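So you can see what is in the structure, the chains are spelled out below.
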Amino acid sequence: MEFMSATPGTGLGVMIRTWRDRLPPSAAGLPVARGRRAAGLRREELAELAGVSVDYIVRLEQGRATTPSASVVASLARALQAVHRRAGPPAPACPARTAGGRYDL
């Protein structure tokens, strides 16, 4: 597989953001409020589903947190896959971290 990262640490962030943007809140069983600016899941919604802080989601997406634990990555993958199962096609498998600390996407 290829690396999705042009800058170290941003590949996972790009992937999280892409998956979030593709998933409507209704797929996670969340109510859809009128006047909603975000078409996909909000960071707050993903953080709640994954059991991590919103700040950590932000840092991951921005590439400021570059070495999340395997349990955090697994929690995010579970949250996104659970939503994907409700929304349609299965989510890609959880990325594996390479020896250099990057994620093999």
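Residues numbered from 1 in each chain as written. Predicted model: local features only at pLDDT ≥ 70, side-chain atom pairs only at ≥ 80, totals over all residues. Heavy atoms only, no water.

Engineer: When you look at helix α3 (residues 54-62) in this model, what are you seeing that I'm missing?
Structural biologist: Residue pairs three or four apart in sequence face the same way in an α-helix, which turns once every 3.6 residues. Inspection of α3 places Y56, I57, V58, L60 and E61 among the buried residues, and these make up the whole buried set. Once α3 ends, the next one or two residues include G63, with phi positive near 80°. (Buried < 20%, exposed > 50% of the residue type's maximum accessible area, 1.4 Å probe, protein only. Helix = DSSP H or I, 4+ residues; strand = E, 2+ residues; numbered from the N terminus.)

Engineer: What should I look at first to understand helix α1 (residues 11-22) in this one?
Structural biologist: Under the 1.5 Å per step criterion, the end-to-end length of α1 is 17 Å for 12 residues, consistent within 8% with the ideal 16 Å. Within the sequence span of α1, burial applies to G11, L12, G13, M15, I16, W19 and R20. (Expected span 1.5 Å × (residues − 1).)

Engineer: In this structure, what is going on with the environment of A79? I would like to understand it.
Structural biologist: The residue A79 is located in helix α4 (residues 70-87) in this model. Accessibility expressed as a relative area gives 7% for A79, which makes it buried. Sequence-distant contacts of A79, defined by excluding residues within four places in its chain, comprise L46, L49 and A50. (Contact = heavy atoms within 4.5 Å.)

Engineer: Even after reading the chapter, I still don't get the nonpolar core, so can you show me in this structure?
Structural biologist: The nonpolar side chains of a soluble globular protein tend to be buried with one another. Formed by 20 residues in total, the largest nonpolar core has its most connected members in L46, L60 and L76. Among the secondary structure elements, those contributing two or more residues to this core are α1, α2 (43-50), α3 and α4. Broken down by element, this core gets its largest block of residues, five residues, from α4. (Core = buried A, V, L, I, M, F, W, Y, C linked by side-chain atoms within 4.5 Å.)

Engineer: Explanation requested: the side chain of E45 in the structure shown.
Structural biologist: Note that E45 resides in helix α2. Here R42 takes part through its backbone nitrogen, which lies 2.7 Å from a polar atom of the side chain of E45. Residues within four places of E45 in sequence aside, it is in contact with P25, L30, R36 and G40. (Polar contact = N/O pair within 3.5 Å; in protein donor to acceptor, adjacent residues only side chain to side chain.)

Engineer: Is there a simple way to think about the pattern of salt bridges in this case?
Structural biologist: Close approach of charged atoms lets side chains of opposite charge pair. In the structure shown here, the tally under the stated rule is four salt bridges. The salt bridge partner of D55 is R59, with a shortest N-O separation of 2.9 Å. Here D55 and its partner R59 are both found in helix α3, four residues apart, which amounts to about one turn of the helix. Within this structure, R20, R43 and E61 form a network of salt bridges that share partners. (Salt bridge = Lys/Arg side-chain N within 4 Å of Asp/Glu carboxyl O.)

Engineer: Any chance you could explain the packing of α2 against α3 here in plain terms?
Structural biologist: For the pair α2 and α3, the least separation of the axes is 8 Å and the interaxial angle reads 110°. One finds that α2 runs roughly perpendicular with respect to α3. The way α2 lies across α3 gives a crossing that is right-handed. Facing α2, whose interface residues are R43, E44, L46 and A47, α3 presents V54, I57, V58 and E61. Here the residues of the contact of α2 with α3 sort into five nonpolar, no polar and three charged. (Axes fitted to C-alpha atoms, helices over the stretch in contact; angles between N-to-C directions. Parallel < 35°, antiparallel > 145°, perpendicular 65-115°, else oblique. Left-handed = near helix turned anticlockwise from the far one by under 90°. Nonpolar A, V, L, I, M, F, W, Y, C, P; charged D, E, K, R; others polar.)

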